Amino acid sequence: MAKKPEVVSTTYHRLLDSRAATLSGSSAIQYALLADPDHAQVFLLITAAEGGGNFNREVVAFDDLEAAVDAAPAGKPFGSKQLKAAFQGRSNNNAPYACAALIAQGLLAKAPDVKFGLVKAGDWDAWRLQMMALQGELFVFPPAPVEAPTPTTATSPEPKGKKKDKRGGNRFIPVVRTPEADGEVSDADPA
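Residues numbered from 1 in each chain as written. Predicted model: local features only at pLDDT ≥ 70, side-chain atom pairs only at ≥ 80, totals over all residues. Heavy atoms only, no water.

**Comments concerning helix α1 (residues 62-70)**
- Those residues of α1 that sit buried are Phe-62, Leu-65, Glu-66, Ala-68 and Val-69. Seen end-on, α1 carries its buried residues on one side only, within an arc spanning 160°. (Buried < 20%, exposed > 50% of the residue type's maximum accessible area, 1.4 Å probe, protein only. Helix = DSSP H or I, 4+ residues; strand = E, 2+ residues; numbered from the N terminus. Arc of directions from axis to C-beta.)

Set out below in structure tokens:
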């Protein structure tokens with residue numbers, strides 16, 4: 001059996017938790033803006049898709065997102081797929097969800113004449129400095145797995161010869177005639 005690679009957690013400062021409408025406007029995502037401990041770099045983490053869409057939970061540097069946006073042909077609107085290069089994960093929703101967060105932050109805008117077309121907007125450098133000035137709170141990603149507590153008392157296993165009764169709560173209870181009340185019926189256990 002192949003051994004799973006060890007997951008290494010990284011410490012960040014969570015600067016902002018926010019929500020943004022998806023590009024279609026039919027749903028919303030939740031995202032967090034993070035900074036490294038030295039506040040030298042800003043990162044994006046998509047935390048939830050309210051419409052149930054799948055995505056990769058990965059921390060993406062804003063430098064990588066900006067490089068992907070800058071790689072688009074100058075002066076022309078681009079699609080959300082332009083940001084796929086910034087992600088390691090392969091989900092088709094990664095790039096559109098990142099675009100939704102960038103629109104909410106004022107760093108991208110919808111192109112006026114092209115449906116689902118996007119254009120670079122805002123001052124990315126000023127925005128980055130503004131974000132890095134926030135203190136934030138400590139945030140570890142990915143979170144450390146929670147270990148199941150070990151039981152303190154030992155339980156004896158059920159004997160192998162006897163099978164456990166797996167029926168539900170609607171069991172048949174036998175009706176027993178009691179000798180005290182001639183003719184009365186009780187649903188008490190005869191044993």
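**Brief notes about the packing of aromatic side chains**
- By the definition in use, this model includes 5 aromatic pairs.
- Ring centres 6.4 Å apart and planes at 10° place the aromatic pair Phe-139 and Phe-141 in the stacked group.
- Judged by its relative accessible area of 15%, Phe-139 falls in the buried class.
- Residue Phe-141 is classed as buried on the basis of its relative accessible area, which comes to 15%.
- Counting every residue linked through ring pairs, the aromatic cluster contains Phe-62, Trp-124 and Trp-127.
- The side chain of Lys-120 reaches across the aromatic face of Trp-124, ending 5.3 Å from its centre. (Phe/Tyr/Trp six-rings, centres within 6.5 Å; stacked < 30°, edge-to-face > 60°. Lys NZ or Arg CZ within 6 Å of the ring centre and 35° of its normal.)

**Examining the pairing of strand β3 (residues 42-49)**
- Burial runs high along β3: 6 of the 8 residues are buried.
- Here strand β2 (residues 28-35) folds back onto β3 in antiparallel fashion, the turn holding 6 residues, of which His-39 has a positive phi close to 55°.
- Pairing analysis gives 2 bridges linking β3 to strand β4 (residues 60-61), with the strands arranged antiparallel. Paired with Phe-43 across the strands is Ala-61, a residue of β4. (Pairing = 2+ DSSP bridges.)

**Here we look at the sheet that holds β3**
- Ordered by their spatial adjacency, 5 strands build an open sheet running β4-β3-β2-β1-β7, and the pairing between neighbours is antiparallel. Bordering the open sheet on either side are β4 and β7 (137-141), each of which pairs with just one other strand.
- Sheet strands in contact with helix α3 (residues 124-132) are β1 (10-21), β2 and β3, and its direction is about 80° off that of β3. (Contact = heavy atoms within 4.5 Å. Axes fitted to C-alpha atoms, helices over the stretch in contact; angles between N-to-C directions.)

**A look at the environment of Ala-72**
- Within the secondary structure, Ala-72 sits in the loop between α1 and α2 (94-104).
- The exposure class of Ala-72 is buried, given its relative accessible area of 10%.
- For Ala-72 and Lys-120, which are 48 residues apart along the polypeptide, the C-alpha to C-alpha distance reads 9.7 Å.
- Once residues lying within four places of it in the same chain are set aside, the contact partners of Ala-72 are Phe-78 and Gln-82.

**Topic: the packing of α1 against α3**
- Interhelical geometry of α1 versus α3 gives an angle of 170° and a closest axis separation of 12 Å. Taken together, α1 and α3 sit at an angle that is classed as roughly antiparallel. For the pair α1 and α3, contact is made by Phe-62, Asp-63, Leu-65, Glu-66 and Val-69 and by Trp-124, Trp-127 and Arg-128, respectively.
- For the contact of α1 with α3, a count of residues per class yields 5 nonpolar, no polar and 3 charged. (Parallel < 35°, antiparallel > 145°, perpendicular 65-115°, else oblique. Nonpolar A, V, L, I, M, F, W, Y, C, P; charged D, E, K, R; others polar.)

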